[in-house]
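As a plain string of letters, each chain reads:
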2 protein chains.
Amino acid sequence: MGKAKGDEVLWVRDMDHGIRKLGPDEVLERLKALKAPYHEGYLAMYSSWYGGIVTDPALMVVPLDDHLVHRGDGIFEAFKCIHGNLYGLERHLDRLERSAAGLHLSLPFERAAITRIVKATVRAAGVRDAMVRLFASRGPGGFSTNPYECPAPQLYVVCCRFLSTPAARYERGVTLKSSHVPIKIAYLASMKSCNYLPNVLMKKEAEDAGVDFTVSIDEDGFLGEGSTENVGIITRTGELLVPRFDRVLRGTTVTRVMELAAGLVEKGELARVGEADISRGQAYEAPEIIMFGTSFDILPVVRFDDRPIGGGKPGPWATRLLELLRTDMAGCEAMLTPIED
Amino acid sequence: MGKAKGDEVLWVRDMDHGIRKLGPDEVLERLKALKAPYHEGYLAMYSSWYGGIVTDPALMVVPLDDHLVHRGDGIFEAFKCIHGNLYGLERHLDRLERSAAGLHLSLPFERAAITRIVKATVRAAGVRDAMVRLFASRGPGGFSTNPYECPAPQLYVVCCRFLSTPAARYERGVTLKSSHVPIKIAYLASMKSCNYLPNVLMKKEAEDAGVDFTVSIDEDGFLGEGSTENVGIITRTGELLVPRFDRVLRGTTVTRVMELAAGLVEKGELARVGEADISRGQAYEAPEIIMFGTSFDILPVVRFDDRPIGGGKPGPWATRLLELLRTDMAGCEAMLTPIED
């Protein structure tokens, strides 16, 4: 059935018998037999197209004619389940609704139903900690660009094993590089759509350069965003500044951190928290550069464009903000949605 | 299993039992039971993931974790099979290779194998006339933006019933409108990738405005391209001009027409064939505006931004060029690849 590595069939491309017709049962048999090492992390998937939840990774499939597949005509959100609580679910659903409006996409279900589906999918996964990804698509209906050929939008929710970020990355810090991938046009940057090729190319760029992250640079030389991360700096005068959200996606992590850090401004620990035009030069000189993202929360940057940041060691604010965020994750009821009803 | 319309289950969203776990056989049973009216046009699909061809539309599915699905990280081509011959296949495969290079995507098979797969898929469809769509994807492997998490790219080929364009559209002409969707950044415009949201929004814009097509306008006010069409004009001095291919996709139809029309320049029938900056004003004044596309070939524009073009009637050049192209399709052996080996 394909190229085998040990006992595991990694992919299917046996040209000898690969072009003949397959019957439905044969397809199911082949899918069931197909095991990839990364499947181990896929715990459960809800599909509105199936009308239910599957736990077999091989059956986590979507129709080819869903415009999500061939046009990127869909939106997504990714959020964590921590000890049985979905963190920031409401905010992710707020953004989902904003992205949907940007695309003129009707969500397939009401918000309460989406919440029920997400909870049920995580419960079906049988874990308390997970990464949940939700996709709302234009739906199947044909292969043109015309969204009106799709009778009904679809919802797919996949619950994956949560992979925690190695401790060394927090302790030793991460590296960052300016991206050469052109920054997105504003209207595409503000939606979390499945048109993510610029983000793909930025991630590839980071991997190829041997750094952890790259950051987009706008036409005026100001910092933008990472492939799927926000960036911020701590200035010498004690400000927490992030690039303006008119050209970058409003990240849920950075937004929450800015809210929490506002309390530190009141206490006089920070001078200011806000959006700003941040030049590369300003970032090079900053005592701290910090990355914000759903999977790792907060990471300190110790090198940017091969220049040491903060003496090449993680600074105190990355740690302080991470503690603040982790405390929020552990105990802020308004931010937590239990997976049990 | 879902919302039923007559005997046909159109989509699945029965919330009463829609969130429970489904076993593999139950999924197959549900998929097999699912019939949508548009499925009638889906004749055959090759999947490298299956390692074969399916003819049941319900089984034309792809893995959710293929980065094609959640990032638009893939490329495509669409071409016709006319009376058992694939028209312009080699040129479409040339462009596929160029798109792949732009994305740093390895094609899953060599060109000869892709050709064999395409031919076999059309043969399995059991028709002589068809629209074939080919997708090359980054492949399954996870849900991040990182292309390196995908062990192997995949190929999906779908063969659909060919829907011919109604004769009235050629005879009466079509309508065109300037788009408000921002023109694509050059590097994304030059690849036929599955990041096609701007194209989706342009098609939606046309539908909403009650016109047949919209055309993008660049920052300097020059004409770009349609949602999935190229545009060109005939000038008063007898030139066939098309927007420069640095900001628009190099369409296979318009490219072939330009080659064929070069013969008319030699004969003195046309003054020139070439790329140019074409302002809206220039297009408004043009005796003819012409659309070029794989599905309809050539269509005359009779209204652009609510102004009549060529007196509001199709001009002679649209007809002349269409005849030239149809002759090429019928008999130019270099452009035809028979589906039989």
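Structure's up top.
For every chain, the first residue of the written sequence is number 1, and numbering continues from 1 onward in sequence order. Working convention: letters from A go to chains and numbers from 1 go to ligands, in the order in which they are written. Restriction of local features to residues with pLDDT of at least 70 applies here, the model being predicted, together with a cutoff of 80 or more for giving and counting side-chain atom pairs; totals for whole chains, interfaces and linings are based on all residues.

## Quick notes on the pairing of strand β14 (residues 272–276) of chain B
Looking down a regular strand, the side chains alternate between one sheet face and the other.
Inference 1: Pairing of strand β13 (residues 239–243) of chain B with β14(B) involves five bridges; the strand directions are parallel. Its bridge partner being in β14(B), B:Pro243 is matched across the sheet by B:Ala276. What makes two strands pair is DSSP finding at least two bridges between them. Helix and strand assignments come from DSSP, with helices taken as H or I runs of at least 4 residues and strands as E runs of at least 2, each series counted from the N terminus.

## Considerations on the nonpolar core
Inference 1: Buried Ala, Val, Leu, Ile, Met, Phe, Trp, Tyr and Cys residues form a nonpolar core when they are connected through C-beta atoms within 7 Å. Labels follow a simple rule on C-beta atoms placed from the backbone: if 20 or more others lie within 10 Å of a residue's own, it is buried; if 12 or fewer, it is exposed; otherwise it is partly exposed. Counting residues in each nonpolar core, the largest one holds 204 residues, and the members touching the most others are A:Val157 and B:Val157.
Inference 2: Note that contacts rest on C-beta atoms placed from the backbone: two residues are in contact if these are within 7 Å. In contact with B:Val157, not counting residues within four places along its chain, are B:Met45, B:Tyr46, B:Ile117, B:Val118, B:Thr121, B:Val132 and B:Leu134.

## What to know about helix α10 (residues 316–331) of chain B
Inference 1: Helix length check: α10(B) (16 residues) gives 23 Å between terminal C-alpha atoms against 22 Å at 1.5 Å per residue, within 8%.
Inference 2: Where α10(B) is buried, its residues contact β12 (230–234), α8 (252–266), β15 (288–293) and β16 (297–304) of chain B. The span one expects for a helix is its residue count, reduced by one, times 1.5 Å.

## Observations concerning the relation of the copies chain A and chain B
Inference 1: Here the copies are matched by least squares. The fit uses the C-alpha atoms of residues with pLDDT of at least 70 in both. Of the transformation superimposing chain A on chain B, the axial component is 0.0 Å and the angular component is 180°, with the fit at an RMSD of 0.0 Å. One copy is carried onto the other by what is essentially a two-fold rotation axis.
Inference 2: Here 99% of the interface residues in chain A have copies in chain B that are interface residues too; the copies meet face to matching face.

## Thoughts on the pairing of strand β10 (residues 174–178) of chain A
Residues and elements named next belong to chain A.
Inference 1: Alignment of β10 against strand β16 (residues 297–304), held across three bridges, turns out to be parallel. If you follow valine 174 over to β16, its bridge partner there is valine 301.
Inference 2: Bridge count for β10 against strand β11 (residues 213–215) is three bridges, and the pairing is parallel. In the sheet register, lysine 177 faces β11, and the bridge partner there is threonine 214.

## Re the interface of chain A and chain B
Inference 1: The interface is formed by 83 residues belonging to chain A together with 82 residues belonging to chain B.
Inference 2: Among the elements that take part in the side of chain A that touches chain B, helix α7 (residues 197–209) of chain A stands out by supplying six residues, more than any other.
Inference 3: Think of it as three bins: nonpolar holds Ala, Val, Leu, Ile, Met, Phe, Trp, Tyr, Cys and Pro, charged holds Asp, Glu, Lys and Arg, and polar takes everything else, Gly as well. A class-by-class count of the residues in the side of chain A that touches chain B yields 50 nonpolar, 18 polar and 15 charged.
Inference 4: Sheet analysis places strand β5 (residues 61–63) of chain A next to strand β5 (residues 61–63) of chain B, joined by three bridges and oriented antiparallel.

## Comments concerning helix α4 (residues 111–125) of chain B
Inference 1: In a regular helix each residue adds 1.5 Å, so 15 residues correspond to 21 Å; α4(B) covers 21 Å between its end C-alpha atoms and thus fits that length.
Inference 2: Every buried residue of α4(B) is listed here: B:Ile114, B:Ile117, B:Val118, B:Lys119, B:Ala120, B:Thr121, B:Val122, B:Ala124 and B:Ala125.

## What about the sheet that holds strand β9 (residues 154–161) of chain A?
Residues and elements named next belong to chain A.
Inference 1: One open sheet holds the seven strands; their spatial order is β4-β3-β9-β8-β6-β7-β18, and the pairing between them is antiparallel. The sheet terminates laterally at β4 (52–54) and β18 (336–338), the two strands that pair on one side only. Averaged over all neighbouring strand pairs, the angle between strand axes comes to 25°, with direction disregarded.
Inference 2: With eight bridges connecting them, strand β6 (residues 74–82) and strand β8 (residues 130–137) associate as antiparallel partners. Residue pairing in the sheet places alanine 78 in a bridge with arginine 133 of β8.
Inference 3: Each axis is a line fitted through C-alpha atoms, and for a helix only the stretch in contact is used; angles between axes span 0 to 180 degrees, taken between their N-to-C directions. The sheet strands contacting helix α3 (residues 89–103) are β6, β7 (85–87), β8 and β18, and the helix crosses β6 at an angle near 175°.

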